[in-house]
Amino acid sequence: MSETPFQINIPDKKLSILRAKLELATFPDELQDIGWKHGPPLADMKRLVERWKNGYDWRKYEKELNQELPMFTRDIDVDGFGALNIHYVHKKSKTVDAIPLLFCHGWPGSFLEVRPILSLLTASSPEHPSFHVVALSLPGFGFSEGQHKPGFGLDQYAEVTHKLMIALGYNEYVTQGGDWGFLITRRMAAKYGGKHHKAWHTNFPMADPPSWKSPLSYLSYLLTPYSAEEKAGLERTAWYRNKSSGYFVEQSTFPQTLAYGFTDSPVALLGWFYEKLVIWTDDYKWTDDEALTWISIYWFSRAGPGAAHRIYSEVYGDFYDLGRTSYPTIPMGASYFPKELLLVPSKWLRRLNNVVIESHHTSGGHFAGYERPEALVDDVRKMFAKGGPAYAIVPGRSGYA
């Protein structure tokens, strides 16, 4: 389980193949004045493909990532699945007693999501806590090895992330995550909470509504009117479920079908991802190169462009299990951004979790680390700061010099 320094170095042959495929791209027509109603507009797709083919410089961004992010790989043994070679970013703060923090991404994200917040989290100051940050590529994502047989569920993703922290010498740690990162760190909190996993923070606070099995909570749920923020959140949730969740059905049932298209066609991959990058944010202005770098990580991923989607089928049974089988008891922090995909009343979350701090923002969407990096980091700092509800929760690591 020794650590190996890692540098991204995509072979020239893969770059040539990508360009050749883009040269052969065939585009569909589109209905007049349809805009974004059916997906990414044809003009946007043609512009992005042209940029990807003639102008986008992968080597430039590859070099930037290698210079900016200290990356490594190491083998992690997963019970019943053997060793998987896991890629991760590991940046230590100059503060010796910084708090070990695992950042866990989701889909359609990657380890890139930590990039805008990494220097903020590791910054040393007498005014706020500092963190040693670990941001892995989940198995099958980015430059981590993918699993090789079925049955790799939420317990296994939690096991990988936990064992990575232990291997790095962080026997006690905290976590932050959104999307799948929420579900994985939640399972970590349930399995390893207390002894190892000391507290967790999320920007994707999902929760079930009260049921008749808890009569008082259910009665309050039925009789208490929603606030304006809660109404807006439930409307956003309804929009997602009715208008933007079709991908979830396909990825959780037949991900292999998608894998053929994504592995052979960079245009198919681009369209599938670019749609989410745009409509899942709060009007975040992606530059073309920024979006293409994000999508290139998937195209050049170690396990292939279609591998990451398997998490949906493998973990489907756990996706809506938000505490029915295991309730985390360690301190939890939650950040609410108005253009997140699933937004439920915060009292639903507090009912089943030990929520010690929550923040409600007026802007921001699914990719909070990219859209509102300062706001997200400020929320995390407040949770672990002096006077905060989780101050010094990791013994001997207050986050301050």
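Quantities reported herein were computed from a predicted structural model and do not represent experimental measurements.

Cut-offs applied
Residues numbered from 1 in each chain as written. Predicted model: local features only at pLDDT ≥ 70, side-chain atom pairs only at ≥ 80, totals over all residues. Heavy atoms only, no water. Helix = DSSP H or I, 4+ residues; strand = E, 2+ residues; numbered from the N terminus. Buried < 20%, exposed > 50% of the residue type's maximum accessible area, 1.4 Å probe, protein only. Polar contact = N/O pair within 3.5 Å; in protein donor to acceptor, adjacent residues only side chain to side chain. Contact = heavy atoms within 4.5 Å. Salt bridge = Lys/Arg side-chain N within 4 Å of Asp/Glu carboxyl O. Core = buried A, V, L, I, M, F, W, Y, C linked by side-chain atoms within 4.5 Å. Pairing = 2+ DSSP bridges. Axes fitted to C-alpha atoms, helices over the stretch in contact; angles between N-to-C directions. Right-handed = clockwise from strand over helix to strand, strands pointing away. Phe/Tyr/Trp six-rings, centres within 6.5 Å; stacked < 30°, edge-to-face > 60°. Lys NZ or Arg CZ within 6 Å of the ring centre and 35° of its normal.

### As for the side chain of Asn85
Then step 1. Structurally, Asn85 can be placed in strand 3 (residues 82–91).
Then step 2. Owing to a relative accessible area of 15%, Asn85 belongs among the buried residues under this scheme.
Then step 3. Of note is the side chain of Asn85, whose polar atom sits 2.8 Å from the side chain of Asp75.
Then step 4. Setting aside its immediate chain neighbours within four residues, Asn85 contacts Thr73, Arg74, Asp75, Ser144, Glu145 and Arg302.

### Some thoughts on the pattern of salt bridges
Pairing between side chains of opposite charge can happen when their charged atoms approach one another.
Then step 1. Under the counting rule described, the total for this entry stands at 21 salt bridges.
Then step 2. With a closest N to O distance of 3.5 Å, Glu50 and Lys53 form a salt bridge. Linking Glu50 with Lys53, this pair stays in helix 2 (residues 42–53), spanning three residues, or about one helical turn.
Then step 3. Since its relative accessible area comes to 37%, Glu50 is described here as partly exposed.
Then step 4. Here Glu358 ties to Arg350 by a salt bridge, and the two come within 3.0 Å at their closest N and O atoms.
Then step 5. Assessed through its relative accessible area of 40%, Arg350 is described here as partly exposed.
Then step 6. When salt bridges that share partners are traced, they join Arg19, Glu23, Glu50 and Lys53 into one network.

### Remarks on the nonpolar core
Then step 1. Ile8, Trp52, Trp107, Phe111, Leu136, Leu270 and Phe384 are the most contacted members of the largest nonpolar core, which has 115 residues in total.
Then step 2. Leave out the neighbours within four places in its chain, and Ile8 touches Trp58, Glu62, Leu65, Asn66, Met71, Phe111 and Phe143.

### Considering the sheet that holds strand 3
Then step 1. Strand order across the open sheet formed by nine strands is 1-2-3-5-4-6-7-8-9, with mixed pairing between neighbours. Both outer strands of the open sheet, strand 1 (4–6) and strand 9 (355–360), are each paired with one neighbouring strand and no more. Mean inter-strand twist for the sheet, computed between neighbouring axes without regard to direction, equals 30°.
Then step 2. In the sheet, strand 1 pairs with strand 2 (residues 71–78) via three bridges, with the strands oriented antiparallel. Residue Pro5 lies in a different strand from strand 2, and its bridge partner there is Phe72.
Then step 3. Where helix 4 (residues 115–122) meets the sheet, it contacts strand 3, strand 4 (99–104) and strand 5 (131–136), and its direction lies at approximately 155° from that of strand 5.
Then step 4. Contacts from helix 6 (residues 180–192) reach strand 4, strand 6 (173–177), strand 7 (197–202) and strand 8 (332–336), with the element oriented near 160° to strand 7.

### Regarding the pairing of strand 8
Then step 1. A large share of strand 8 lies buried, amounting to five of its five residues.
Then step 2. Alternating residues of strand 8 divide into Met332, Ala334 and Tyr336 and Gly333 and Ser335, and every residue in both groups is buried.
Then step 3. Here strand 8 runs beside strand 9; their pairing, made up of five bridges, is parallel. Directly across from Ser335, in strand 9, lies its bridge partner Ser359.
Then step 4. Crossover connection from strand 8 via helix 15 (residues 346–352) to parallel strand 9: handedness right-handed.

### Description of the environment of Pro395
Then step 1. Position of Pro395 among the secondary structure elements: in the segment after helix 17 (373–384).
Then step 2. Put simply, Pro395 and Asp97 are 298 residues apart on the chain and 9.7 Å apart in space, counted from C-alpha to C-alpha.
Then step 3. Apart from residues no more than four positions distant in its own chain, Pro395 is found in contact with Glu172 and Lys198.

### Side note on the pairing of strand 5
Then step 1. Among the six residues that make up strand 5, six are buried, leaving the element largely enclosed by the rest of the structure.
Then step 2. Inspection of the sheet shows strand 3 paired to strand 5 by four bridges, in the antiparallel sense. Each bridged residue has a counterpart across the sheet, and for Val89 the counterpart in strand 5 is Ala135.
Then step 3. Relative to strand 5, strand 4 runs parallel, the two sharing five bridges. The partner of Ile99 across the bridge, within strand 5, is Phe131.
Then step 4. The parallel pair strand 4 and strand 5 is bridged by helix 4, and the resulting crossover is right-handed.

### Re the packing of aromatic side chains
Then step 1. Scanning the model with the defined rule gives 34 aromatic pairs in all.
Then step 2. Look at Phe152 and Tyr157: their rings are 4.9 Å apart centre to centre, the planes differ by 85°, and that puts the pair in the edge-to-face class. The two residues Phe152 and Tyr157 agree in class, both being buried.
Then step 3. With a centroid separation of 5.6 Å and an interplanar angle of 25°, the aromatic rings of Trp286 and Tyr370 are classed as stacked. Here Trp286 is found in the loop between helix 11 (266–279) and helix 12 (288–299), whereas its partner Tyr370 is found in helix 16 (residues 368–371), with 84 residues between them in sequence.
Then step 4. Relative accessible area serves as the criterion here: at 11%, Tyr370 is assigned to the buried category.
Then step 5. Grouped by ring-pair contacts, the aromatic residues Trp107, Phe141, Trp180, Tyr240, Tyr247, Phe248, Phe273, Trp280, Tyr298, Tyr312 and Tyr316 constitute a single cluster.
Then step 6. Cation over ring: Lys149 sits above Phe81, and NZ or CZ is 5.4 Å from the ring centre.
Then step 7. In this structure, Lys386 is placed above the aromatic ring of Tyr400, and the distance from its NZ or CZ to the ring centre is 4.5 Å.

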